[in-house]
Amino acid sequence: MYQVEAMGHKQSRGAPLFVAVALLAAPLLYGGSYAALVDSSGRLEMGDDGVCRPRHYRYGGHVAEAVYWPAREIDRQWRSITEGDD
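Heads up: these notes are all about the structure in this document. What you are looking at is a predicted structure, and each value in this text was computed from that prediction instead of being measured. (Residues numbered from 1 in each chain as written. Predicted model: local features only at pLDDT ≥ 70, side-chain atom pairs only at ≥ 80, totals over all residues. Heavy atoms only, no water.)

### Looking at the layout of surface pockets
Working step 1: Estimated volume of the largest pocket: approximately 330 Å³.
Working step 2: In terms of lining residues, the largest pocket is bounded by 15 residues, among which E45, P54, G61, H62 and E65 are the most central.
Working step 3: Elements supplying a minimum of two residues to the lining of the largest pocket: β3 (44–46), β4 (52–54) and α2 (61–67).
Working step 4: If you tally residues by element for the lining of the largest pocket, the top one is α2, at 3 residues.
Working step 5: Of the residues in the lining of the largest pocket, the class split is 4 nonpolar, 5 polar and 6 charged. (1 Å grid on protein atoms, 1.4 Å probe; cavity = no way out; pocket = protein on both sides within 12 Å on 5 of 7 lines; lining within 4 Å. Points joined across faces, edges and corners; volume = space filled by probe spheres on them. Helix = DSSP H or I, 4+ residues; strand = E, 2+ residues; numbered from the N terminus. Nonpolar A, V, L, I, M, F, W, Y, C, P; charged D, E, K, R; others polar.)

As structure tokens, then:
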């Protein structure tokens, strides 16, 4: 990468670039992983309490429910707008 000489020490400018790329890639990875895991087939899954609930994700269970809750809410709002349901 680029090298800057300051006070006799060479410093790399690679770290800020890495941080910028990581911050820009994080939302893409989050959205992509949500799209890969979401299950809109309407299958039911038996819960620990014996109640059948719709299965929202292919893998991850309760962890996926917690991690992808914001993405699911945005997805539900977007789908209701594009499908014409209010």
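### Focus on the pattern of salt bridges
Working step 1: In this structure the tally under the stated criterion is 2 salt bridges.
Working step 2: The partner of R76 in a salt bridge is E73, and the shortest N-O contact between them spans 3.7 Å. Of the two residues, R76 and E73 both sit in helix α3 (residues 69–82), 3 residues apart, roughly one turn of that helix.
Working step 3: According to the relative accessible area criterion, E73 is partly exposed, its value standing at 27%. (Salt bridge = Lys/Arg side-chain N within 4 Å of Asp/Glu carboxyl O. Buried < 20%, exposed > 50% of the residue type's maximum accessible area, 1.4 Å probe, protein only.)

### Concerning the nonpolar core
Working step 1: Formed by Y34, V38, Y57, A64, Y68 and A71, the largest nonpolar core amounts to 6 residues.
Working step 2: Those residues in contact with A71 that sit more than four places away from it in its chain are Y30 and Y34. (Core = buried A, V, L, I, M, F, W, Y, C linked by side-chain atoms within 4.5 Å. Contact = heavy atoms within 4.5 Å.)

### Brief notes about a nonpolar patch on the surface
Working step 1: Residues F18, V19 and L23 make up a contiguous nonpolar surface patch of roughly 350 Å² in combined accessible area.
Working step 2: Here V19 lies in helix α1 (residues 14–37). (Patch = residues over 30% accessible without salt bridge, like charges linked within 9 Å, V, L, I, M, F, W, Y side chains within 5 Å. Areas by Shrake-Rupley, 256 points an atom, 1.4 Å probe, with all protein chains shown as cover.)

### Describing the packing of aromatic side chains
Working step 1: Tallying each qualifying case throughout the model produces 4 aromatic pairs.
Working step 2: Between Y34 and Y68, the ring centres sit 5.9 Å apart and the planes meet at 50°, which makes this aromatic pair tilted. Here Y34 is found in helix α1, whereas its partner Y68 is found in the loop between α2 and α3, with 34 residues between them in sequence.
Working step 3: When the centroid spacing of 5.8 Å and the interplanar angle of 35° are considered together, the rings of Y57 and Y68 count as tilted. Residue Y57 is found in the loop between β4 and α2, and its partner Y68 is found in the loop between α2 and α3; the two are separated by 11 residues along the sequence. (Phe/Tyr/Trp six-rings, centres within 6.5 Å; stacked < 30°, edge-to-face > 60°.)

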